[in-house]
Amino acid sequence: REEEALNCMADFALQLIFLGHILDGMPAFKEFTKMKINLLLKHCVDQPWGFTYLFKLGMVLEQGKIGRLQSETHGGGVMPEDERVGKVIVGEFKHFKDVLTVVWNTQTAATQRDVSASVKEVVGKKVVIHNAEGMHHDTDEVGHEALLSGFWTYNR
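Could you give an account of the environment of Met59, naming the residues involved and the relevant values?
Relative to the helices and strands, Met59 is located in helix α3 (residues 50-62). The sequence separation of Met59 and Leu19 amounts to 40 residues, and the corresponding C-alpha distance is 36 Å. Those residues in contact with Met59, other than ones at most four positions away along the chain, are Val99 and Val102.

Give me the lowdown on the layout of surface pockets, citing residues and values where you can.
Estimates place the volume of the largest pocket at around 180 Å³. Going through the elements one at a time, α2 (9-45) and α4 (80-92) are the ones with two or more residues in the lining of the largest pocket. With five residues, the single largest contributor to the lining of the largest pocket is α4. Looking at the lining of the largest pocket residue by residue, the class counts come to five nonpolar, one polar and four charged. Contributing elements (two or more residues each) for the lining of the second largest pocket: α3 and α5 (97-108). Looking at side-chain class alone, the lining of the second largest pocket contains six nonpolar, one polar and three charged residues.

Break down the nonpolar core for me, with residues and values.
Of all hydrophobic cores here, the largest spans 10 residues; its members are Leu41, Cys44, Leu54, Met59, Leu61, Val90, Phe93, Phe96, Val99 and Val103. At the level of elements, α2, α3 and α5 are the ones that each hand at least two residues to this core. Looking at this core element by element, the count peaks at three residues for α3.

Tell me what's going on with the pattern of salt bridges, and back it up with residues and numbers.
Enumeration according to the criterion identifies six salt bridges in this entry. In this structure, the salt-bridge partner of Asp46 is Lys42, at a minimum N-O distance of 2.8 Å. Judged by its relative accessible area of 47%, Lys42 is partly exposed. Connected through salt bridges with shared partners, the residues Arg68, Glu81 and Asp82 form a single ionic network.

What counts as what
Residues numbered from 1 in each chain as written. Predicted model: local features only at pLDDT ≥ 70, side-chain atom pairs only at ≥ 80, totals over all residues. Heavy atoms only, no water. Helix = DSSP H or I, 4+ residues; strand = E, 2+ residues; numbered from the N terminus. Contact = heavy atoms within 4.5 Å. 1 Å grid on protein atoms, 1.4 Å probe; cavity = no way out; pocket = protein on both sides within 12 Å on 5 of 7 lines; lining within 4 Å. Points joined across faces, edges and corners; volume = space filled by probe spheres on them. Nonpolar A, V, L, I, M, F, W, Y, C, P; charged D, E, K, R; others polar. Core = buried A, V, L, I, M, F, W, Y, C linked by side-chain atoms within 4.5 Å. Buried < 20%, exposed > 50% of the residue type's maximum accessible area, 1.4 Å probe, protein only. Salt bridge = Lys/Arg side-chain N within 4 Å of Asp/Glu carboxyl O.

Below, the structure written as structure tokens:
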């Protein structure tokens, strides 16, 4: 069988060269693809409905709701590689920044503490410097009510 393999080596090498051309062009192809996607997304942004549309599109992509469907024997639903690519697109392009913020806030909501409880635990410190003796920290007053009021004003 080695003799057969040696006889086919030129064809095998040529197939590897063809595949190598694709491999060699991948970085340029990736940059070209990113440029095209950016142009498409910019076109959407330029429309009066653009921002809302891109937000909804980003949510659909991030949630993996659109893509090729698997056969029922494989569990149905969107193919995992299409779900992954949707998430990559949302993460890769700045047009979907707000979607990432909403996803982050949703995913971390269970770990977020009550604002009032957090503000009550804030402790102020001030640095007291002594010439030859060095420095130390003293506790300083914190206006908890003012801090909480500022938080609520900012988040309106």
